[in-house]
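Fold and geometry: a report
Listed below, chain by chain, are the residues.
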Amino acid sequence: LHPIQFLNKFSGEYPIAVRKNVDFIRALPDLKNKGSFILKNHSEILRSFEDIIGGHYNVSKDGEVQFIPSANKRVMLSLVESSSAVRSLLDIGFYLRHVAAPGDLLMVDEPELNLHPDNQRRVARLFARLVNIGIKVFITTHSDYIIKELNTLIMLNQGGERLKALADREHYYDFEMLSPDKVRVYIAEEALIKLDGAQRKKRCQTLVQANIDSS
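This one's a predicted model, so the numbers in the text were calculated from it and none came from an experiment. All chains use their own residue numbering, which begins from 1 and follows the written sequence. At least 70 in pLDDT is required for a residue's local features to be given in this predicted model, at least 80 for side-chain atom pairs to be given and counted, and no such filter applies to totals for whole chains, interfaces and linings, which use all residues. Side-chain measures were taken over the full set of non-hydrogen atoms in the model, leaving aside hydrogen atoms and water.

**Side note on the overall build of the protein chain**
Within the protein chain, the secondary structure is distributed over 10 helices and seven strands. In terms of its C-alpha atoms, the protein chain occupies a principal-axis envelope of roughly 75 × 65 × 30 Å. Working definition: with a 1.4 Å probe on protein chains only, accessible area under 20% of the residue-type maximum means buried, over 50% means exposed, and in between means partly exposed. Taking all 215 residues of the protein chain together, 31% fall into the buried category. Any two residues having at least one pair of non-hydrogen atoms within 4.5 Å are treated as being in contact. Here the contacts in the protein chain between residues at least 6 apart in sequence split such that 59% fall between residues at least 24 apart. Note that accessible areas follow from Shrake-Rupley with a 1.4 Å probe, and for residues the cover is restricted to the protein chains shown. When the accessible area of the protein chain is evaluated, it comes to approximately 14,500 Å², of which 52% is carbon and sulfur surface. The way it works is that DSSP assigns letters per residue, a run of H or I at least four long becomes a helix, a run of E at least two long becomes a strand, and they are numbered from the N terminus.

Below, the structure is given as structure tokens:
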């Protein structure tokens, strides 16, 4: 076949996650008038998110998604003009304000992408607050900053005068603390596994649950 004929015959589909993401982005103009339970009952979480991105999102009358910086609210930037962090956190921002419901499962792949280390820690604290209001959060990450911050929230949750003083000094709050029984950690590694129907174990990539020690 001629290359052009070959391309015309080609048909493919995006993975489900990508298709869902594209559909979500397309639906943003229709979502702007909806309010999540976070907007209604936990608006402080939205303020924390706006601190991370340095502003808030807006959808114009023409359906264009814009970013309005906190430093100058008269400026309306297109996504092309906005930072990579603003673009990468767009889905989460609209989810929190317009879609989130108790009992949801929020899945985020590598939330640390395009984020300064300080904001990686802030995102970890944001996820902890979501867990504490009833949203399940599943993340994959390579970020030491996120893992260490979650570890800090678990450690500080033990209480006691010394840890309470430390939390106050570093501006941690009770609603950010994590109970160990609300957290599961899995490490991707190779291991010998007996697959269904197989006679022998085979070395495969798998997830191994790690122990969580609150101390």
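**Some points on a nonpolar patch on the surface**
The patches reported here contain residues having more than 30% relative accessible area and no salt bridge. Joining distances are 9 Å for like charges and 5 Å for nonpolar side chains (Val, Leu, Ile, Met, Phe, Trp, Tyr). A carboxyl oxygen of Asp or Glu within 4 Å of a side-chain nitrogen of Lys or Arg is what we treat as a salt bridge. On the surface, a cluster of nonpolar side chains totalling about 330 Å² of accessible area is made up of Leu105, Met107 and Phe138. What makes phenylalanine 138 partly exposed here is its relative accessible area of 41%.

**Things to note about the pattern of salt bridges**
In this structure the tally under the stated criterion is five salt bridges. The shortest N-O distance in the salt bridge between glutamate 50 and arginine 97 comes to 3.1 Å. Of the two residues, glutamate 50 is situated in helix H5 (residues 43–53) and arginine 97 in helix H7 (residues 90–99); the sequence distance between them amounts to 47 residues. Under the relative-accessibility criterion, arginine 97 is labelled partly exposed at 28%. In this structure, arginine 125 and glutamate 176 form a salt bridge, with 2.9 Å as the shortest nitrogen-oxygen distance. Here arginine 125, found in helix H8 (residues 117–132), pairs with glutamate 176, found in the loop between helix H10 (161–169) and strand E6 (185–193); they are 51 residues apart in sequence, far enough to count as distant.

**Quick look at the layout of surface pockets**
One number sums up the size of the largest pocket: a volume of about 1,000 Å³. In this structure, the largest pocket is lined by 30 residues; those nearest its centre are Ile139, Ile147, Arg184, Val185 and Tyr186. At the level of elements, H8, strand E5 (136–140), helix H9 (144–156), E6 and strand E7 (202–210) are the ones that each hand at least two residues to the lining of the largest pocket. Among the elements that take part in the lining of the largest pocket, E5 stands out by supplying five residues, more than any other. Cavities and pockets were defined on a 1 Å grid built over protein atoms only: a cavity is a set of grid points that admits a 1.4 Å probe from which the probe cannot escape, a pocket is an open set flanked by protein on both sides within 12 Å along at least five of seven lines, and lining residues are those with an atom within 4 Å of any such point. Grid points are joined across faces, edges and corners, and a volume is the space filled by probe spheres set on the points. The volume enclosed by the second largest pocket comes to roughly 790 Å³. For the second largest pocket, the lining is made up of 26 residues, of which Asn21, Asp91, Ile92, Met107 and Val108 are closest to its centre. When residues of the lining of the second largest pocket are traced back to their parent elements, those giving at least two are helix H2 (16–26), helix H6 (84–88), H7 and strand E4 (105–109). The biggest single contributor to the lining of the second largest pocket is H2, with eight residues.

**What to know about the packing of H5 against H7**
Every angle, taken between N-to-C directions, lies between 0 and 180 degrees, and every axis is a line fitted to C-alpha atoms, over only the stretch in contact when it is a helix. Remark: H5 packs on H7, axes separated minimally by 10 Å, with the N-to-C direction vectors making an angle of 165°. When the axes of H5 and H7 are compared, the pair comes out roughly antiparallel. For the pair H5 and H7, the crossing hand works out as left-handed. On H7, the residues touching Leu46, Phe49 and Glu50 of H5 are Ile92, Gly93, Leu96 and Arg97. Throughout, the term roughly parallel applies to angles under 35 degrees, roughly antiparallel to angles over 145, roughly perpendicular to angles from 65 to 115, and oblique to all others. By convention, the crossing between two helices is left-handed when the near helix turns anticlockwise from the far helix through less than a right angle, and right-handed when the turn is clockwise.

**Considering the environment of histidine 42**
Structurally, the position occupied by histidine 42 is in the loop between helix H4 (37–41) and H5. Ignoring sequence-local partners within four residues, the contact set of histidine 42 consists of Phe37 and Ile133.

**Examining the side chain of serine 143**
Along the chain, serine 143 turns up in the loop between E5 and H9. A residue is classified by how much of its surface remains accessible, and serine 143, at 5% relative accessible area, is buried. Here a polar contact is recorded for every N or O atom pair within 3.5 Å, except that within protein the pair must consist of a potential hydrogen donor and a potential acceptor, and residues adjacent in sequence are included only if both atoms are side-chain atoms. Of the polar contacts made by the side chain of serine 143, one reaches the backbone nitrogen of tyrosine 145; its length is 3.2 Å.

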